[in-house]
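# Structure at a glance
Take a look at the letters that make up each chain.
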Amino acid sequence: MIRQSFVTLAARLAGALAAASLAGCAADRDPPPGEPSFYRSMASGGAQLDAATAASMISGYRRNNGLSEVTVDPALMKLAEAQARAMAGRDKLDHDVIRGFSERIKASGYDAKIAVENIGAGYHTLAEAFSGWRDSPPHRANMLRSGVTRLGIATAYAPGSKYKVFWALILAAPDDRRS
């Protein structure tokens, strides 16, 4: 009787371990239907970042800290996309991979009274990138920069890189006085 109980327990344990190891293989897959898109892996070709969810997540964080919300800005999205792609193409995490941030903003024609940038690499999901930026004092300061109202965010997948995913987040406030 004791031997049979031990064999049954061992079989159940082996089954549980097999299920757990298979679950680990699914870590970079999209979340099941109904799961938030901020858990969607960007570590695959064709993965699409949900910019509206990013704006909502960052806006919530800003609201919790007494600051205004941010909205997605198409021009900032293009700038972020160029930065993420340039870093992925060179396999280099660097604000200056194209040229300096303030030079990029100016060259784009975006008239900003405030503009800041966060970059990252190795985060596979928006939730991971957000957490990494939130837990880093200079990146947190950028996300909580008073006066910013717009954002652009992008990822670029680099399958040959140890990082796999490069991120660029630009937060800005357009200078409406000059429009």
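Residues numbered from 1 in each chain as written. Predicted model: local features only at pLDDT ≥ 70, side-chain atom pairs only at ≥ 80, totals over all residues. Heavy atoms only, no water.

### Some words on the side chain of Gln 83
With respect to the helices, strands and loops of the structure, Gln 83 is situated in helix 3 (residues 74–90). For Gln 83, the side chain forms a polar contact with the main-chain oxygen of Asp 94, separated by 2.8 Å. (Helix = DSSP H or I, 4+ residues; strand = E, 2+ residues; numbered from the N terminus. Polar contact = N/O pair within 3.5 Å; in protein donor to acceptor, adjacent residues only side chain to side chain.)

### Re the packing of aromatic side chains
For any two aromatic rings, the description comes down to two numbers: the centre-to-centre distance and the angle of the planes. This structure, assessed with the given rule, holds 3 aromatic pairs. Ring geometry for Tyr 163 against Phe 166: centres 5.5 Å apart, planes inclined by 75 degrees, an arrangement best described as edge-to-face. A relative accessible area of 25% places Tyr 163 in the partly exposed class. (Phe/Tyr/Trp six-rings, centres within 6.5 Å; stacked < 30°, edge-to-face > 60°. Buried < 20%, exposed > 50% of the residue type's maximum accessible area, 1.4 Å probe, protein only.)

### Concerning the environment of Arg 63
One can find Arg 63 in helix 2 (residues 51–64). Judged by its relative accessible area of 43%, Arg 63 is partly exposed. Note: C-alpha distance between Arg 63 and Leu 144 (81 residues apart in sequence) is 9.5 Å.

### What to know about the nonpolar core
Within the largest apolar cluster, 25 residues are counted, with the highest numbers of intra-cluster contacts made by Ile 58, Met 143, Leu 151, Ile 153, Trp 167, Leu 169 and Leu 171. Within the residue set of this core, elements represented by two or more residues are helix 2, strand 2 (112–121), helix 5 (126–134), strand 3 (150–158) and strand 4 (164–174). Considering each element in turn, this core owes the most residues, 6 residues, to helix 2. (Core = buried A, V, L, I, M, F, W, Y, C linked by side-chain atoms within 4.5 Å.)

### Some details on the packing of helix 3 against helix 4 (residues 101–108)
Contact geometry for helix 3 and helix 4: axes closest at 11 Å, N-to-C directions at 135 degrees. Here helix 3 is positioned oblique relative to helix 4, judged by the angle of their axes. Pair helix 3 / helix 4 crosses with right-handed handedness. On the side of helix 3, the interface is formed by Leu 76, Leu 79 and Gln 83, while helix 4 contributes Arg 104, Ile 105 and Ser 108. Class assignment for the residues of the contact of helix 3 with helix 4 results in 3 nonpolar, 2 polar and 1 charged. (Axes fitted to C-alpha atoms, helices over the stretch in contact; angles between N-to-C directions. Parallel < 35°, antiparallel > 145°, perpendicular 65-115°, else oblique. Left-handed = near helix turned anticlockwise from the far one by under 90°. Contact = heavy atoms within 4.5 Å. Nonpolar A, V, L, I, M, F, W, Y, C, P; charged D, E, K, R; others polar.)

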